[in-house]
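Listed below are the residues making up each chain.
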Amino acid sequence: MTTPPTRRLDASMTLLTEVMEKPLDPGYAEAAARRRAAQEAGTWRARRPGTWVGVVVLATVLGVGVAAATHQLRVPQPGVTEARTVLERQITDRNHQVATLTASAEQLSRQIDDLQRSALSTQDPGLLDTIRRDSLHNGTAAVHGPGLVVSLTDGGGGLVGTSPDENSLVRDADLQTVVNALWDAGAEAISVDDQRLTAKTSIRNAGLAVLVNLVPLPGPTYVVRAIGDSDAMQTQLARGALPAYLQVLGSQYGIRSSVVAQSSLKLPGAGVQPLQYAGPVGSGQ
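Every chain begins its residue count from 1, and numbering advances along the sequence as written. Thresholds applied to this predicted model are a pLDDT of at least 70 for local features of residues and 80 or more for the giving and counting of side-chain atom pairs; totals over whole chains, interfaces and linings are not thresholded and use all residues. Side-chain descriptors were evaluated using all non-hydrogen atoms of the structure, hydrogens and water having been removed beforehand.

Draft legend 1. Structural context of the sheet that holds strand E7 (residues 221–227). Ordered by their spatial adjacency, five strands build an open sheet running E3-E2-E7-E1-E8, and the pairing between neighbours is antiparallel. Here the strands that pair on one side only, and so sit at the sheet edges, are strand E3 (195–196) and strand E8 (256–267). Here two bridges tie strand E2 (residues 189–192) to E3, and the two strands are oriented antiparallel to one another. The residue of E3 that forms the bridge with Val 192 is Gln 195. Two strands pair under a simple rule: DSSP has to find at least two bridges between them. By the criteria applied, helices consist of DSSP H or I runs no shorter than four residues and strands consist of E runs no shorter than two, each listed in order from the N terminus.

Structure follows, in structure tokens:
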């Protein structure tokens, strides 16, 4: 009776077995055997020094060529540099125009307020008082009083010349969380980097930039100011989820934060906010 061949325990691991038992490729082993045979027969000749010199020269030339090509790729081309300069100049000019128009709009808003106050102070004082109270609540008028200042700073300190880690940057969701917590804590008026928040305010990201009221904020530190009873707001914030959220931002992403009470804060007004509304078809609105 024929005994069946014994099956190796590692038969299912043929590839790993070959690698462990025969690490040298057969081609290398054959070349080494030929070299040994040539040495024993006295027919093997070592490479001449000139051959090694040629190899070194060729490697040097290739290295210089690669370095030159890399340098050419990294150096900005004149056309690209000129286009970038034009774009930077246009951005600067547009920013100046926006600042000028914004200042003009604020001045005209103040003139309208003065004329409105002058006209209503004698004709309808009750309506004037209602408008004044509404302007405080809807953010169109500047306000001052005690409150809290919450600061968020990008992780890494906003080092210039380095590529920032997106996870370490303050995002729109972070500012939204802080703002919502302050509203819930009893804040009466809030601004983010001097951008007054109103019912029409949006806080969102455009790429890596944070926009409030469609105005990009410079960073790396974002300052949220809230007017209200500072003691009551601090107590309410401590009871909420904001402290844990800020701790996670600091421990996982390196975003630094602080909450400081202030006895006097001044928040700018957002100016006149035009409203859009809809009406039923045929109503004439």
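Draft legend 2. Region of the structure containing the pairing of E7. Along E7, five of the seven residues are buried, which leaves the element largely enclosed by surrounding structure. Strand direction decides the pairing type here: strand E1 (residues 143–153) and E7, joined by seven bridges, are antiparallel. Each bridged residue has a counterpart across the sheet, and for Thr 153 the counterpart in E7 is Thr 221. In this sheet, E7 lies alongside E2 in antiparallel orientation, the contact comprising four bridges. Bridging from a neighbouring strand, Ser 191 pairs with Arg 225 of E7. Burial classification: accessible surface area is computed with a 1.4 Å probe over protein chains only, and a residue below 20% of its type maximum counts as buried, one above 50% as exposed, and the rest as partly exposed.

Draft legend 3. Local environment of the packing of helix H6 (residues 172–184) against helix H8 (residues 242–253). Running from N to C, H6 and H8 point in directions that differ by 160°, and their axes come no closer than 11 Å. As summarised for this structure, H6 and H8 are arranged roughly antiparallel, according to the angle between their axes. Viewed along their axes, H6 and H8 form a crossing whose handedness is left-handed. Contacts between H6 and H8 involve Ala 173, Asp 174, Thr 177, Val 178 and Ala 181 from the first element and Leu 242, Tyr 245, Leu 246 and Leu 249 from the second. Only Asp, Glu, Lys and Arg are considered charged, only Ala, Val, Leu, Ile, Met, Phe, Trp, Tyr, Cys and Pro nonpolar, and every remaining residue, Gly among them, polar. Across the contact of H6 with H8, the residue classes break down as seven nonpolar, one polar and one charged. As a rule, the C-alpha atoms of each element are fitted with a line to give its axis, helices using only the stretch in contact, and angles between N-to-C directions run from 0 to 180 degrees. Each angle gets one of four labels, with under 35 degrees taken as roughly parallel, over 145 as roughly antiparallel, 65 to 115 as roughly perpendicular, and the rest as oblique. By convention the crossing between two helices is left-handed if the near helix lies anticlockwise of the far one by an angle smaller than a right angle, and right-handed if it lies clockwise. The contact definition used throughout considers only heavy atoms, calling two residues in contact when any of these lie within 4.5 Å.

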